[in-house]
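Fold and contact review
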Amino acid sequence: MSGGSPVLQPPAGAVKPVRHPGAPAPGELLGAHYGQCFGCGGEQPHGLRLAARAGEGVSLTAEFTVQPAHQGAPGLAHGGVLAAALDETLGSLNWLLRTVAVTGRLETDFVRPVPVGTTLHLAAEVTAVAGRKIYCTATGRIGAPDGPVAVRAEALFVEVDVQHFTDHGRPEEIQAALHDPDRIRRARAFEVNP
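Note that the coordinates shown come from a computational prediction; the quantities given were computed from them, not determined experimentally. (Residues numbered from 1 in each chain as written. Predicted model: local features only at pLDDT ≥ 70, side-chain atom pairs only at ≥ 80, totals over all residues. Heavy atoms only, no water.)

**Digging into the nonpolar core**
Soluble globular proteins: nonpolar side chains tend toward being buried together. Of all hydrophobic cores here, the largest spans 37 residues; its most connected members are Phe64 and Leu90. Among the elements of the structure, strand 1 (51–54), strand 2 (59–65), helix 1 (79–92), helix 2 (94–97), strand 4 (119–130), strand 5 (133–142) and strand 6 (149–159) are those that each provide at least two residues to this core. Beyond its immediate chain neighbours, meaning those up to four positions away, leucine 90 contacts Leu106, Ala124, Cys136, Thr137, Ala138, Ala153, Ala155 and Phe157. (Core = buried A, V, L, I, M, F, W, Y, C linked by side-chain atoms within 4.5 Å. Buried < 20%, exposed > 50% of the residue type's maximum accessible area, 1.4 Å probe, protein only. Helix = DSSP H or I, 4+ residues; strand = E, 2+ residues; numbered from the N terminus. Contact = heavy atoms within 4.5 Å.)

This is how it looks when you write it as structure tokens:
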């Protein structure tokens, strides 16, 4: 990142992140945390449908293909859509920690345009943890995991209680998520930025 904000620098007392023993195995597809999520949900017709896979340690990879509905300038991905892809990818890291957290700060660098039809390959990792704060980074590459860098991000996530979502979310969606018979999907529904 170019000149990241001081708030994104882990403090001196930060510790190395520890993957939760119950986290998905490396290579395992994480799946959508909520069907209506714009980032990863399959029930959003114009969503990103971002697919993330657990990596080694507290890292993951993800990808999505830029669709015509995602464009800003003619034929190019909208910067906000790319920021959403980075946010979704970074937020999914919390599943490897088994921590409920929300985005506190997200800083992005847009390095090159991303054309419609391009698959963006993202890689993310948690770099440090300090109390309730989770520090992480992500990179998005065009066309292949080793393709040219298109976007980068640094983020700070803050651990919250599930009550954060139940206090602020729409009651009908909260109840649907809480009563989902799939225990894992129910737990994951409350893992990223509301």
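**Structural notes on the pattern of salt bridges**
Opposite charge on two side chains makes pairing possible when the charged atoms of those side chains draw close. In this structure the tally under the stated criterion is 2 salt bridges. Across the pair aspartate 109 and arginine 152 runs a salt bridge, and its minimum N-O distance is 3.7 Å. One end of the pair, aspartate 109, is in strand 3 (residues 101–110); the other, arginine 152, is in strand 6, with 43 residues separating them in the sequence. (Salt bridge = Lys/Arg side-chain N within 4 Å of Asp/Glu carboxyl O.)

**What to know about the packing of aromatic side chains**
Two aromatic rings are characterised by how far apart their centres lie and by the angle between their planes. One pass over the structure, following the stated rule, counts 0 aromatic pairs. Seen from the ring of tryptophan 95, arginine 98 lies directly overhead, with NZ or CZ sitting 4.3 Å from the centre. (Phe/Tyr/Trp six-rings, centres within 6.5 Å; stacked < 30°, edge-to-face > 60°. Lys NZ or Arg CZ within 6 Å of the ring centre and 35° of its normal.)

**A word on helix 1**
Compared with an ideal rise of 1.5 Å per residue, which puts 14 residues at 20 Å, helix 1 spans 20 Å between its outermost C-alpha atoms and is within 8% of the ideal. By the criterion of burial, helix 1 is predominantly enclosed, with 11 of the 14 residues buried. Every buried residue of helix 1 is accounted for by Val81, Leu82, Ala83, Ala85, Leu86, Asp87, Glu88, Thr89, Leu90, Gly91 and Ser92. (Expected span 1.5 Å × (residues − 1).)

**Re the sheet that holds strand 6**
The strand order 1-2-4-5-6-3 describes an open sheet built from 6 strands, whose pairing is antiparallel. Among the strands making up the open sheet, the edge pair consists of strand 1 and strand 3. The average angle at which neighbouring strand axes cross in this sheet is 20 degrees, direction not considered. In terms of strand pairing, strand 2 meets strand 4 through 7 bridges, oriented antiparallel. Residue pairing in the sheet places phenylalanine 64 in a bridge with leucine 120 of strand 4. (Pairing = 2+ DSSP bridges. Axes fitted to C-alpha atoms, helices over the stretch in contact; angles between N-to-C directions.)

**Describing the pairing of strand 4**
Relative to strand 5, strand 4 is paired through 10 bridges, and the arrangement is antiparallel. When the bridges of strand 5 are listed, valine 129 appears paired with isoleucine 134.

**Description of the environment of arginine 49**
Counting through the fold element by element, arginine 49 comes out in the segment before strand 1. Taking C-alpha positions, arginine 49 is 9.5 Å from alanine 85, a pair spaced 36 residues apart along the chain.

Taken by themselves, the reported measurements are silent on function.
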